[in-house]
Amino acid sequence: MIRKILFISLIFNLTACAQLQQVIDQLPQTNTVLSNTDIASGLRQALDLGIEKQVTKLTQTDGFYKNDLVKILLPEELQKVDKGLRNIGLGNLADEGIKALNRAAEDAVKEATPIFVDAVKDITFADAKNILLGNDDAATEYLNTKTNSALYEKFNPVIKNSFSKVGADEIWKNLITKYNAIPFTSDVNPDLTDYVTSEALKGVYTMIAVEEKEIRNNLNSRSTDLLKKVFALQD
């Protein structure tokens, strides 16, 4: 009788162990070992998604102008132009000037998006794991550090062309002419192409960072197996 009880207990324990192993096998594996190359590929995917899902929003009409995160305001040296025009009842003209700057940026980002795609593709993450375990925008900041100067050189002529394309150059010529005609004001002649280029680039990096943060903090935003594996390491 005792032998029979022991035999039944053994069978029960073996069955329970088998069921337990099945449950364990179905659990997510948290000890996955990923190489620096794997992590770097995951970071590139995150940046690519930032371009695909967020930067493309900037290319739409009002993509900059109605987005408080990236809206291009007047540079400090032109604040007096804005104030001066508003003081003489030309507030609508001043608003059109601000809109023109943002229109140029929207148009330029549309043309220059492939530049950012190539930049992400070519970027080399020397220490991908530390970037992965860094701040919510660590990969974007790394991209900024490694690509900003080169992208500026490529982006500047696109902005210059966009100024003409959307009529921003004529709008600002008219604005500054009217401002310079106001008595007791100092003439201004700012390099708006340089300013808008820098602000447009800043806007692009800002929107890529938005998506990176989303991927880091929202499991549902990890849309590929690689993203799930890589960013599980930082959870």
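Notes on the structure in this doc start here. (Residues numbered from 1 in each chain as written. Predicted model: local features only at pLDDT ≥ 70, side-chain atom pairs only at ≥ 80, totals over all residues. Heavy atoms only, no water.)

### Things to note about helix H9 (residues 225–232)
In plain terms, the rule: When a residue's accessible area, from a 1.4 Å probe over protein chains only, is under 20% of the maximum for its type it is buried; when over 50% it is exposed; and in between it is partly exposed. The helix count covers DSSP runs of H or I at least four residues long, the strand count covers runs of E at least two residues long, and both are numbered beginning at the N terminus. By arc we mean the arc of the directions from the helix axis to the C-beta atoms, nothing more.
Of the positions making up H9, those classed as buried are Leu227, Val230 and Phe231. Buried residues of H9 fall within an arc of 85° about the axis and therefore sit on the same side.

### Observations concerning the packing of aromatic side chains
So the rule is basically this: Think of it this way: a Phe, Tyr or Trp ring, Trp meaning its six-membered ring, pairs with another when their centres are within 6.5 Å, and the plane angle makes it stacked under 30 degrees, edge-to-face over 60, tilted otherwise.
Under the defined criterion, the tally for this structure stands at two aromatic pairs. Both rings, one in Phe116 and one in Phe155, keep their centres 5.8 Å apart while their planes meet at 65°; by these two values the pair is edge-to-face. Of this pair, Phe116 sits in helix H4 (residues 91–122) while Phe155 sits in helix H6 (residues 138–165), and the two are 39 residues apart along the sequence. Take Phe116 and Phe155: they sit in the same class, and that class is buried.

### Examining the environment of Lys160
For Lys160, the location among the structural elements is in helix H6. Judged by its relative accessible area of 56%, Lys160 is exposed. For the pair Lys160 and Ala104, spaced 56 residues apart in the sequence, the C-alpha separation amounts to 8.4 Å.

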